[in-house]
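Chain and residue survey
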Amino acid sequence: MILARVKGTVVSSQKTAKMEGIKLLLLEKIDPVTMQGKNDFVVAMDGVGAGIDEVVFYVSGSGARMAETTKNLPTDATVTAIVDIIEQNGNIAYQKN
Amino acid sequence: MILGIVTGTVTSSSNNTDIRGGRYLLINKCNKQGETKNDFLVALDLVSAGNGEMVMIAQSTSARETPTTRNKAVDAIVVGIVDVIDENGKVVYKK
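Let me sum up the structure you'll find in this document. Bear in mind the structure is a predicted one, so any value in this text is a computation, not a measurement. (Residues numbered from 1 in each chain as written. Chains lettered and ligands numbered in written order. Predicted model: local features only at pLDDT ≥ 70, side-chain atom pairs only at ≥ 80, totals over all residues. Heavy atoms only, no water.)

Quick look at the pattern of salt bridges
All names here are of chain A. Throughout the structure, instances matching the rule amount to nine salt bridges over all chains. Across the pair D40 and K29 runs a salt bridge whose closest N-O atoms are separated by 3.3 Å. One end of the pair, D40, is in strand 3 (residues 36-46); the other, K29, is in strand 2 (residues 24-31), and eleven residues separate them in sequence. The exposure class assigned to K29 is partly exposed, which follows from its relative accessible area of 22%. (Salt bridge = Lys/Arg side-chain N within 4 Å of Asp/Glu carboxyl O. Helix = DSSP H or I, 4+ residues; strand = E, 2+ residues; numbered from the N terminus. Buried < 20%, exposed > 50% of the residue type's maximum accessible area, 1.4 Å probe, protein only.)

Concerning the nonpolar core
With 25 residues, the main nonpolar core has L3, V55, F57, V83 and I86 of chain A together with V10 and Y24 of chain B as its most contacted residues. Only strand 4 (55-60) of chain A together with strand 3 (23-30) and strand 4 (36-45) of chain B provide two or more residues apiece to this core. Judged by nonpolar contacts, the second largest core, of twelve residues, contains L27, A44, V48 and V79 of chain A. (Core = buried A, V, L, I, M, F, W, Y, C linked by side-chain atoms within 4.5 Å.)

Let's talk about the side chain of E54 of chain A
Residues and elements named next belong to chain A. Mapping E54 onto the fold places it in the loop between strand 3 and strand 4. A polar atom in the side chain of E54 sits 3.5 Å from the side chain of K96. In contact with E54, other than residues within four places in its own chain, are A4, R5, V6, G49, I82 and K96. (Polar contact = N/O pair within 3.5 Å; in protein donor to acceptor, adjacent residues only side chain to side chain. Contact = heavy atoms within 4.5 Å.)

Some details on the interface of chain B and chain A
Listed per partner, the contact involves 29 residues of chain B and 27 residues of chain A. Of the roughly 2,200 Å² buried between chain B and chain A, counting both surfaces, carbon and sulfur atoms make up 51%. Put simply, chain B and chain A have zero salt bridges between them. Linking chain B with chain A are 13 residue pairs in polar contact (both at pLDDT 80 or more). Of all elements in the fold, only strand 1 (2-11), strand 2 (14-15), strand 3 and strand 4 of chain B reach the threshold of two or more residues within the side of chain B that touches chain A. In terms of residues, the side of chain B that touches chain A owes the most to one element, strand 4 of chain B, which gives six residues. For the side of chain B that touches chain A, a count of residues per class yields eleven nonpolar, 14 polar and four charged. (Buried area = accessible area lost by both parts, 1.4 Å probe. Nonpolar A, V, L, I, M, F, W, Y, C, P; charged D, E, K, R; others polar.)

Re the pairing of strand 1 of chain B
Buried residues dominate strand 1 of chain B, accounting for seven of its ten residues. As paired elements, strand 6 (residues 85-88) of chain A and strand 1 of chain B share four bridges and run antiparallel to each other. Within strand 1 of chain B, the residue paired with I86 of chain A across the bridge is V10 of chain B. As paired strands, strand 1 of chain B and strand 5 (residues 54-59) of chain B are joined by four bridges and run antiparallel to one another. Looking across to strand 5 of chain B, one finds that L3 of chain B is bridged to M56 of chain B. Across six bridges, the pairing between strand 1 of chain B and strand 3 of chain B is antiparallel. When the bridges of strand 3 of chain B are listed, G8 of chain B appears paired with L26 of chain B. (Pairing = 2+ DSSP bridges.)

Take a look at the structure:
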């Protein structure tokens, strides 16, 4: 899974039928050492109700279709978790406030 | 599989993967000597790898080939902890 921060949402009215009713999130991949964005963005389906600026991780490829809310949907990236804590070598690199 | 060093853990209370057991580790990809590349990913750990250990990570569909992760939303798991790597008969990494 890849760590990322929710930067925004993506709205599309003209799309394939099976995309109806699914929230699309704009994610920026982050470097867990600096917690800074890598200026590398992806659109992912929201599987957990992630909010703006929250740190999450997402599943890519076929795994993205295995989440409860994205079964058999045309997605290759789904946010499966909102991160509470990233611990590195004993110290807290990130903690959700 | 790719090689990586366990550098930490990632905790999430609100996730919808409903994977029983295991925990999420922060992995820093590394070369065969164990030198890290500052390229991170999160992998599900089912073999209780410790911090600093070199591990093998299986990604994409293969990550679901375990009883715990069958049909679950996961794309990277720790499949083993590396003890020794030898190249051309010479040990290049030892735990």
